[in-house]
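Single-letter residue listing:
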Amino acid sequence: MKLSPTEIEQFFDDHLPYKITQLKTHHCYKKYLNEKLSGTPLARKYEICAIEISFVAGRLFMDFLGLGLDKKDKKLVEKRPYKTDDITVIDLGGKWIDVNSLTEEQKNTLAIFYHRGNKGSAHLTWEKREKDGWETLDDGVEIITSLLKTHLYDIVGKPMKEK
């Protein structure tokens, strides 16, 4: 999608920082909020929200970076092109991720993360699976954050911000 320079700046100033904050919410919860809420009825409620929004934002960023999930094999794949109204890393001056540049461990983590974000958070579905996927949350967020930095922020010379 062709964006004006003003629209691109809005993405870097507003939209992306907002979504990056969502991506990192569970880490923040574990580090700060859990200590303050420990032992209160709100502790688990906020943790659930932090888990879910981190998965949804992570799945969003994987789509944005050109990654998806092969539904049949549940393997990480390159997923392009998108719908005409989707904004991608390319639209903001970055580059797609070559799935072959990732380690097997990264691919496996991101595949489980994506599946969990899709089936467990973004859609109300049920299926039996070996792993729920929640255990990939921290590693998945770290990998996605790193990929955003190397495939967008470093390329365009902008700092990654949260909002």
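Residues numbered from 1 in each chain as written. Predicted model: local features only at pLDDT ≥ 70, side-chain atom pairs only at ≥ 80, totals over all residues. Heavy atoms only, no water.

Asker: Break down the pairing of strand 2 (residues 75-78) for me, with residues and values.
Answerer: Each regular strand shows side chains that alternate between the opposite faces of the sheet. With 4 bridges joining them, strand 1 (residues 67-70) and strand 2 adopt antiparallel strand pairing. The residue bridging Gly-68 from the neighbouring strand is Val-77, located in strand 2. Hairpin connection from strand 1 to strand 2: 4 residues lie between these consecutive antiparallel strands, with Lys-74 at a positive phi of about 55°. (Pairing = 2+ DSSP bridges. Helix = DSSP H or I, 4+ residues; strand = E, 2+ residues; numbered from the N terminus.)

Asker: Go over the nonpolar core with me, naming the residues and quoting the values.
Answerer: One finds Phe-64, Leu-67, Leu-92 and Leu-110 to be the most contacted residues of the largest nonpolar core, which totals 34 residues. No other element matches the 8 residues that helix 5 (residues 137-156) contributes to this core. Beyond its immediate stretch of four places on either side in the chain, Leu-67 contacts Met-62, Leu-76, Val-77, Lys-79, Tyr-82, Ile-97, Val-99, Leu-102, Leu-110, Tyr-114 and Leu-147. (Core = buried A, V, L, I, M, F, W, Y, C linked by side-chain atoms within 4.5 Å. Buried < 20%, exposed > 50% of the residue type's maximum accessible area, 1.4 Å probe, protein only. Contact = heavy atoms within 4.5 Å.)

Asker: Describe the side chain of Asp-63, naming the residues involved and giving the relevant values.
Answerer: Along the chain, the position of Asp-63 falls in helix 3 (residues 42-64). You can call Asp-63 buried: its relative accessible area is 16%. A polar contact of 2.8 Å, which involves the side chain of Asp-63, links it to the side chain of Tyr-114. Not counting the four nearest positions on each side in its chain, Asp-63 is found in contact with Lys-79, Tyr-82, Trp-96 and Tyr-114. (Polar contact = N/O pair within 3.5 Å; in protein donor to acceptor, adjacent residues only side chain to side chain.)

Asker: Tell me about the environment of Lys-30, and name the residues and values.
Answerer: Of note, Lys-30 is situated in helix 2 (residues 25-37). Spatially, the C-alpha atoms of Lys-30 and Glu-47 are 8.0 Å apart, while their sequence positions differ by 17 residues.

Asker: Give a description of helix 3 that names residues and reports values.
Answerer: Over its 23 residues, helix 3 extends 33 Å from the first C-alpha to the last, a length consistent with the 33 Å expected when each residue adds 1.5 Å. Turning to helix 3, its buried residues number three or more, namely Ala-43, Ala-50, Ile-51, Ser-54, Phe-55, Ala-57, Gly-58, Arg-59, Phe-61, Met-62, Asp-63 and Phe-64. Once helix 3 ends, the next one or two residues include Gly-66, with phi positive near 95°. (Expected span 1.5 Å × (residues − 1).)

Asker: Tell me what's going on with the environment of Lys-107, and back it up with residues and numbers.
Answerer: With respect to the helices and strands, the residue Lys-107 is situated in helix 4 (residues 104-122). A residue is classified by how much of its surface remains accessible, and Lys-107, at 16% relative accessible area, is buried. Distance from Lys-107 to Thr-136, taken between C-alpha atoms, is 11 Å for residues 29 residues apart in sequence. Excluding residues within four positions of it along the chain, Lys-107 makes contact with Leu-76, Val-99, Asn-100 and Leu-102.

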